[in-house]
Structure formats: structure tokens, C-alpha cells
2 protein chains.
Amino acid sequence: MGESAKAVETSTRILDAAELLFVEHGFDATSMRLITQAAGVNIAAVNYYFGSKDGLFKAVFERRAEPFARLFLGHLDQLERQYANPSAKQVVEAFVAAAIELGQEASLGGLIFVRLLARTFVEPHPVLKESMPRRYSELTRRYISALVKSLPHLSEAEVHWRFHFLANAMFNAFAGTNVLRLFMAHPIVNARDPQMVARMLVPFVVAGLDAQAAMPELVDQNS
Amino acid sequence: MGESAKAVETSTRILDAAELLFVEHGFDATSMRLITQAAGVNIAAVNYYFGSKDGLFKAVFERRAEPFARLFLGHLDQLERQYANPSAKQVVEAFVAAAIELGQEASLGGLIFVRLLARTFVEPHPVLKESMPRRYSELTRRYISALVKSLPHLSEAEVHWRFHFLANAMFNAFAGTNVLRLFMAHPIVNARDPQMVARMLVPFVVAGLDAQAAMPELVDQNS
DNA sequence: GTCTATATTCCGATAGAC
DNA sequence: GTCTATCGGAATATAGAC
């Protein structure tokens, strides 16, 4: 390692700073000047390493996308090896565990990528609208497939709806956006504590998944 | 009515166009040039009527904030007159009904304000961080209070957590952001149909509210 | 690889004629 | 009230020296 010196690579410092700022203030509101200043690098470095601001966003996303998918699918594999018919609760817990482990793996304090993912739902960046389905279609397919098997009292369409609600609730919960803070001066909950969030969230969403069907009469009418 | 002619007032046309564009692309990504062009008015009209872009956002928000609060509190009043102890399901349905009625009152197609509210949670606009608690604190207090009474098996702190999850799930559901579309090429659910969303959503969140406590041992340890 | 300096574009806001 | 023209600033991106 002849050229030691630098503690952290320049490109990594940029990724770290950008990840945090994108989550905190959004993509548009985060200027490259702010990013490079926070990272302690020159303004031109972003273009040198990532080509453009869009390229930087894609790189920020891609860095965590693969490890997260690998963690979750690993949990799901193990679950399906151990049990013939995993419950909805076990499937949800596999997902939550992956999110928390990712937050602990990354040297950063929180579940920053999960928060970034949550923001991406509400304001999808054009760069990702193309690459996300390709990368996550298998994960989504296996997640929903496991839920379908664990919820035999629901039609497949209704499981899709519940997965839709589940994903919204979970990602927003881990995003740490405290809804209550907007409505009351002194909210009780601490939305930033991921362990607490996970503990409170799992019973809520699992009960929602297990609930009776809202659409039992799916195909018995031909209006 | 001496000066007839104009079908819709200029300021109203601006509000309509801005409301839609803010929801679709966010505040920062929506330029005043885009708004005035969509509204078919002059660029300077925004500053003339609303003073600034921030003033316009505030006006967009304020136009729907009061009617929505009035609708929901009306439903809650009626509910508490009719029943001694309204169930969590009834409280949730009062909220959903208010959202849908607001969407039908406004001549626009969808539940645009509810979608705007959902976006506001994820990227809170500075202008609202001050005015929102003042306007909605009573609504939130009464909503949570009704839930606390309807869920006697939960501690007040846990009800606050569930309200946090509930609000996230509901607003995002009505926001019409199709999470599944980001993950799969051809999702089944149509997240833009508010009637369908309401029908699928209510059983999910009500079951989540009714679920057993995750924090039964709240105060029995003094670590 | 890293820096300075700059090109280019777009933004919100305003002045002033009509 | 409505318009044109423009100001001042900030953004991304790049050219070119070192």
C-alpha cells in the first residue's frame, strides 16, 4: 500500500455525505456544493467520480441496494428451510431484521438507506424508475409469495393490497419521519429509535396482515 | 356582476395548478414558470396575488386545511353523540369518510389535498412547521383521545405509536403512490382509486389498532 | 487526481409601462 | 390587474492548469 495517508477514499466520503444529506433534505434541495463541503472535497470531485449529480444519486442508492437484498433473501431462505409454512409474522420479522442489520453493518448510526428508500417512494427519482424493478423484482416476488402462502384466507389480489400498505407503513416508520411532530408540540414517541420502532411496528402490521378479508366476494358476481 | 367574462378567477386557477404540480413533483421541483404556464396566467401573477412562492404554498395548503378539519370533526361529533364508546373502526371510518368527501367536494378528480398532506410529512415545508400544530392540534388530540378510549387494552404511549403508524399508512395509501410499481413491472393494485383504497385499507389498519399490546410491561421495572 | 475559474442555464422576484 | 423585460443569485457542469 505505497500511497497510504488518506483515511477514507474521496469517493466514499462523497457517498457518505450525499446519502445523509439526500435523506435529510431531499434530492433537489441538496446542492453539490453542500455535499462536497460536508465531505471536505473539491466541488469538481463529484463530476470526476460520478459524472453528474444524477450519477451520484444512483451510486448512493446502488451501494446499499445489493447488500440489503442479500440480507433479506438470506433470512427468507433460512426461514423456508426451517419451516414448511412460515407465518406472516416470521416473514415480516425477516424483513425487519434485515433492515436493522444493514443499519448496524454500515458504520453510520442509523438506518439511513431504509430512510432513503422510504423517501424514494414518495418522490421517485427518475434514475431509479428503470433500475429498481430489475433489481428488486425477485425480492418482491419472493416476499409476496411467502405472504400468499402464509395467508390462505386471502385472495392473491388482497395480499398485494396488504403488501402495499405494509411496505408504506414499514418504510415510513423506519424513515424516522415523525408525523406527530407536525401536529402536536411535544409528541411522546421517539421515531428515530429503530429498535423501538421495530418492537412497536411488528405487532401492528402483522395483525393487519392476518385480518379477515375485506374482499371475500371477489368473483361470485358478474355485474 | 358587472365584470363577468372570466370563467374562473386567476388566483383560483393558480391555486388549482399549483396544488396538482406540488403533489406530482414536490415543492422544490415545481417552478413558478411551470405553475403559471399550466394555469394559463402571467408569470408575475403569483407574486401579485400571493407575494412569493412560499406564500403560494401556504395558500394552497390553507384552502383545504380548514374544510378537511371541519368535515372530520363533524363526523367525530356525530359519532360521539350516537355512541357512548365508539370503536376504533368507527373512528378510522370517520377519518376515511372525511377524506373521501373532501375529494368529492373539490371539483378536482382525486383526493389531491390528502396526497399533498402525505407529501408534507415526508418533506415538511418550513412555512407549515409553525402553522400546522396550531391548526391541527385539536383534531389530533380528539382523534387520539377517541382511540385511547376505544383501545383500553393499550397504554397511552402505545396508542400514540399506533396512531403514528396509522397516519403513515393511511396518508400514504391515499397519496396514491404505488409502491409496487417501483418494484414490479405490472402491479395488480390500482392505488389511485380512493374508494378501493378505503375498502382495502380500513380492515388492515383497524386490525393493527386492535392488536395485542407489544408493551404490556410498561412501568413494572425501574432500571 | 485535485484544484481554480468560468460557462451556461434556470430560478424567484421586481420595476415599470399599459 | 396584466403584461414585458430584466435583475441578482445560485445551480450544475466543464475547461484547463498543476
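About the cut-offs
- Residues numbered from 1 in each chain as written.
- Chains lettered and ligands numbered in written order.
- Predicted model: local features only at pLDDT ≥ 70, side-chain atom pairs only at ≥ 80, totals over all residues.
- Heavy atoms only, no water.
- Contact = heavy atoms within 4.5 Å.
- Buried area = accessible area lost by both parts, 1.4 Å probe.
- Salt bridge = Lys/Arg side-chain N within 4 Å of Asp/Glu carboxyl O.
- Helix = DSSP H or I, 4+ residues; strand = E, 2+ residues; numbered from the N terminus.
- Nonpolar A, V, L, I, M, F, W, Y, C, P; charged D, E, K, R; others polar.
- Near = heavy atom within 4 Å.
- Polar contact = N/O pair within 3.5 Å; in protein donor to acceptor, adjacent residues only side chain to side chain.
- Least-squares fit on C-alpha atoms with pLDDT ≥ 70 in both.
- Axes fitted to C-alpha atoms, helices over the stretch in contact; angles between N-to-C directions.
- Parallel < 35°, antiparallel > 145°, perpendicular 65-115°, else oblique.
- Left-handed = near helix turned anticlockwise from the far one by under 90°.

- Labelled according to an unreviewed UniProt entry, chain A appears under the name Putative HTH-type transcriptional regulator YttP, originating from Amantichitinum ursilacus.

## Considerations on the interface of chain A and chain B
No. 1: Taken together, the contact pairs 55 residues of chain A with 55 residues of chain B.
No. 2: Each partner contributes to the roughly 5,400 Å² buried at the junction of chain A and chain B, and carbon and sulfur atoms together form 77% of this total.
No. 3: Three residues stand out in chain A for area buried against chain B, namely L182, F183 and F204 of chain A, and they jointly supply 16% of the buried area on that side.
No. 4: Seen at the junction of chain A and chain B, the total is one salt bridge.
No. 5: A salt bridge links E123 of chain A to R119 of chain B; its shortest N-O distance comes to 3.9 Å.
No. 6: For the side of chain A that touches chain B, the secondary structure elements donating two or more residues are α6 (112-122), α7 (126-150), α8 (156-175), α9 (179-183) and α10 (194-210) of chain A.
No. 7: Among the residues forming the side of chain A that touches chain B, the class breakdown is 35 nonpolar, twelve polar and eight charged.

## Some points on the protein's contact with DNA strand D
No. 1: Around DNA strand D lies a shell of 13 residues, among which M32, R33 and K53 of chain A together with N42 and Y49 of chain B are the nearest.
No. 2: One of the side-chain nitrogen or oxygen atoms of N47 of chain A is found 3.4 Å away from a phosphate oxygen of DNA strand D.
No. 3: Here a phosphate oxygen of DNA strand D and a side-chain polar atom of T10 of chain B are 3.3 Å apart.
No. 4: Of all the secondary structure elements, the ones that give two or more residues to the surface near DNA strand D are α2 (32-39) of chain A together with α3 (45-50) of chain B.
No. 5: Of the residues in the surface near DNA strand D, the class split is four nonpolar, six polar and three charged.

## Structural notes on the relation of the copies chain A and chain B
Superposing the two chain copies requires a rotation about an axis and a translation along that axis.
No. 1: Structural alignment of chain A on chain B gives an RMSD of 0.1 Å, achieved by rotating through 179° and translating 0.0 Å along the axis. Each copy turns onto its partner about a two-fold axis.
No. 2: Most of the interface of chain A is mirrored in chain B, where 98% of its interface residues again form contacts.

## Topic: the packing of helix α6 (residues 112-122) of chain B against helix α8 (residues 156-175) of chain B
All names here are of chain B.
No. 1: It is at 8 Å that the axes of α6 and α8 come closest, and there the two elements cross at 125°. In terms of orientation, α6 lies oblique with respect to α8. At the point where α6 passes α8, the crossing takes the left-handed sense. Facing α6, whose interface residues are V114, R115, L117, A118 and F121, α8 presents F171, N172, F174 and A175.
No. 2: For the contact of α6 with α8, a count of residues per class yields seven nonpolar, one polar and one charged.

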